[in-house]
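Here is what each chain is made of, one letter per residue.
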Amino acid sequence: CGYRTFPTHRLLRNNSKKRGRIMSEPKILELEKKLNKMHDIIAVGFSADFSITSSNWQQKSLIFDKTIKKIGNDLTLESGKVKIGAGVKVVKVSFQGLVNALANDTFYDIQIRKNTTYITSCSGRKTGDPQSWSFWISPVVIEVTEGDIIEMSAFVTSATFVANNATQFLVEIIEYED
């Protein structure tokens, strides 16, 4: 975007409503501000390996304690979960995780939740001996409002999620309220 300061007689010659319209500087600045805000993103992980044990098919929250990368101020890490700021309408959420010490012959269910409500998951059964396992939840688009909490939870018999950026939970703003 840029503000045109040169003469616009060629654009004004055509009196069509579809062509020849020039944006004012305040309108251009408003659009630039919106475009710049749309890049807010937060990637969180663990500062140390995170072990989890669950039973009776109970989901347990993954409590993230490290901000890997953050752009903007409308997404915050709060109590191990991502909190949505004012004016945010839609976010894109994804997860990748590397697990060590996954129990043999176990069921697993890794979920993305909004305000404790299920959104999507990666689930299945792991058999055999490989102790390392990778999980991936492809990006999902979620409508949100200020104060919503986006979190990850898991059911596994036992597992250790690997730190050092090997496990990442990513939330990106893709639309703001008008």
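Each chain has its residues counted from 1, running along the sequence as written. Per-residue local features are limited, in this predicted model, to residues with pLDDT of at least 70; the limit for side-chain atom pairs, both in listing and counting, is 80 or more; totals at the level of whole chains, interfaces and linings are taken over all residues. With hydrogens and water excluded, all non-hydrogen atoms of the structure serve as input to the side-chain values.

Asks: Explain the nonpolar core here, please?
Replies: Within the largest apolar cluster, 36 residues are counted, with the highest numbers of intra-cluster contacts made by Leu62, Phe95, Phe161 and Phe169. Helix and strand labels come from DSSP, where a helix needs a run of H or I of at least four residues and a strand needs a run of E of at least two; each type is numbered from the N terminus. With five residues, the single largest contributor to this core is strand 7 (residues 88–100). By definition in these notes, contact holds between two residues if any of their heavy atoms fall within 4.5 Å. Setting aside residues no more than four positions away along its own chain, Leu62 makes contact with Phe46, Phe50, Ile52, Gly80, Phe95, Met152, Ser153, Ala154 and Phe161. We define a nonpolar core as any set of buried Ala, Val, Leu, Ile, Met, Phe, Trp, Tyr and Cys residues linked to one another through side-chain atoms lying within 4.5 Å. Relative accessibility under 20% of the residue-type maximum defines a buried residue, over 50% an exposed one, and the middle range a partly exposed one, all with a 1.4 Å probe and only protein chains included.

Asks: What's the story with the environment of Thr157 in this structure? I'm lost.
Replies: Relative to the helices and strands, Thr157 resides in the loop between strand 11 (149–156) and strand 12 (158–161). Classification of Thr157 by relative accessible area gives partly exposed; the value is 39%. As for Thr157 and Ser55, which are separated by 102 residues in sequence, their C-alpha atoms are 6.3 Å apart. Excluding anything up to four places from it in sequence, Thr157 contacts Ile52, Thr53, Ser54, Ala103, Thr106 and Phe107.

Asks: Just checking my understanding: could you explain the packing of aromatic side chains for this structure?
Replies: Working definition: a ring pair exists when centres of Phe, Tyr or Trp rings (six-membered ring for Trp) sit within 6.5 Å. Plane angles under 30 degrees give stacked, over 60 give edge-to-face, the rest tilted. Across all of its chains, the model carries seven aromatic pairs by this definition. Here the aromatic rings of Phe46 and Phe64 are separated by 4.7 Å at their centres, their planes lie at 15 degrees, and the arrangement is stacked. Of this pair, Phe46 sits in the loop between strand 1 (41–45) and strand 2 (50–53) while Phe64 sits in the loop between strand 3 (60–61) and strand 4 (66–71); the two residues are 18 residues apart in sequence, bridging distant segments of the chain. For Phe46, a relative accessible area of 3% gives the class buried.

Asks: What am I meant to see in the pattern of salt bridges here?
Replies: Once their charged atoms are close, side chains differing in charge can pair, the charge on each being opposite to the other. The term salt bridge refers to a side-chain nitrogen of Lys or Arg lying within 4 Å of a carboxyl oxygen of Asp or Glu. Applying the stated criterion across every chain yields a total of five salt bridges. Lys81 is the salt-bridge partner of Glu151, the closest N and O atoms lying 3.5 Å from each other. Of this pair, Glu151 sits in strand 11 while Lys81 is found in strand 6 (residues 81–84), placing the two residues 70 residues apart along the sequence. Across the pair Asp148 and Lys114 runs a salt bridge whose closest N-O atoms are separated by 4.0 Å. One end of the pair, Asp148, is in the loop between strand 10 (133–143) and strand 11; the other, Lys114, is in strand 8 (residues 106–114), with 34 residues separating them in the sequence. For Asp148, a relative accessible area of 9% puts it in the buried group.

Asks: What is the right way to read unusual backbone geometry from this model?
Replies: Glycine aside, residues mostly have negative phi, and peptide bonds are mostly found in the trans state. Notably, Asn115 is not glycine yet its phi reads approximately 50 degrees, a positive angle. Looking at where Asn115 falls in the secondary structure, it is placed in the loop between strand 8 and strand 9 (117–126). You can call Asn115 partly exposed: its relative accessible area is 34%. Backbone geometry places Asn165, a non-glycine residue, at a positive phi of 65 degrees.

Asks: Sorry if this is basic, but what is going on with the side chain of Gln111 here?
Replies: Inspection of the secondary structure puts Gln111 in strand 8. Engagement of the side chain of Gln111 in a polar contact is seen with the side chain of Asp109, the distance being 2.7 Å. Every residue in contact with Gln111, bar those within four places of it in the chain, is listed here: Gln59, Tyr118, Thr120, Ser121, Glu151, Met152 and Ser153. The definition of a polar contact used here is a pair of N or O atoms within 3.5 Å, where within protein one atom must be able to donate a hydrogen and the other to accept one, and adjacent residues in sequence count solely through side-chain atom pairs.

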